[in-house]
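Close look at the chain arrangement
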Amino acid sequence: MALVKAGVLVLDCAEPEKLAVFYKELLEGEESDATANRVEIKTADGFRIALRRDVNATPPSWPRPENSLQAHLEFVVDDLDAVERRVVSLGGRPLEAKEASGPLEERGYADPAGHSFILRRTPPTAPKQG
């Protein structure tokens, strides 16, 4: 029997209720638990993320070196442009970063509280037609 039943990614922020709206909409998830200082969201595939109140939370400054990236989320998507429009409409913002080299297409963003995340699209495995 496994000792750990499930994992939850927890992000500290000043206003978990507001940040929960962003992630519920972006991930099409549901609020699965809430207290005065924490809101947890669960997606249809079982991914869990919680937003925890920390009135002294300071967002990472990635890609700048001061208060730099400590961790980031990465979401795999089919349509980078469509998801970018959704992110921006929900209050997220693109981060300036260098183009990533390699087989993956990805773009960096910050959620409304400043946590960084990547939208990543892997190229189709089938050869191009025509």
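Here we summarise the structure given alongside this text. (Residues numbered from 1 in each chain as written. Predicted model: local features only at pLDDT ≥ 70, side-chain atom pairs only at ≥ 80, totals over all residues. Heavy atoms only, no water.)

**Details of the pairing of strand 7 (residues 105–110)**
Here is the rule: When DSSP finds two or more bridges between two strands, those strands count as paired. Numbered from the N terminus, helices here are DSSP runs of H or I no shorter than four residues, and strands are runs of E no shorter than two.
In this structure, strand 6 (residues 93–94) lies alongside strand 7, joined through 2 bridges in antiparallel fashion. Each residue of the ladder has a partner; that of proline 94, found in strand 7, is tyrosine 109. As defined by bridge partners, strand 7 adjoins strand 8 (residues 116–121) across 6 bridges and the pair is classed as antiparallel. Bridge pairing in strand 8 places tyrosine 109 opposite phenylalanine 117. Counted along the chain from strand 7 to the antiparallel partner strand 8, the turn is 5 residues long, and its residue glycine 114 has a positive phi close to 100°.

**A word on unusual backbone geometry**
Its identity is not glycine, yet glutamate 28 carries a phi of approximately 50°, on the positive side. By secondary structure assignment, the location of glutamate 28 is in the loop between helix 1 (16–27) and strand 2 (30–35).

**A look at the packing of aromatic side chains**
In plain terms, the rule: In this analysis, rings of Phe, Tyr and Trp, with Trp reduced to its six-membered ring, are considered paired at centre separations within 6.5 Å, and the interplanar angle assigns stacked below 30 degrees, edge-to-face beyond 60, and tilted for intermediate values. Burial classification: accessible surface area is computed with a 1.4 Å probe over protein chains only, and a residue below 20% of its type maximum counts as buried, one above 50% as exposed, and the rest as partly exposed.
Scanning the model with the defined rule gives 4 aromatic pairs in all. Here phenylalanine 22 and tyrosine 23 contribute two aromatic rings whose centre-to-centre distance is 5.0 Å and whose plane-to-plane angle is 90°, an arrangement assigned as edge-to-face. Between tyrosine 109 and phenylalanine 117, the aromatic rings sit 5.7 Å apart at their centres with planes inclined by 25°, giving stacked as the arrangement. Take tyrosine 109: its relative accessible area is 1%, and that puts it in the buried class. Site record: aromatic cluster; members linked through ring pairs are Phe22, Tyr23, Phe75, Tyr109 and Phe117.

Everything listed here is a matter of coordinates, which is why it stays silent on function.
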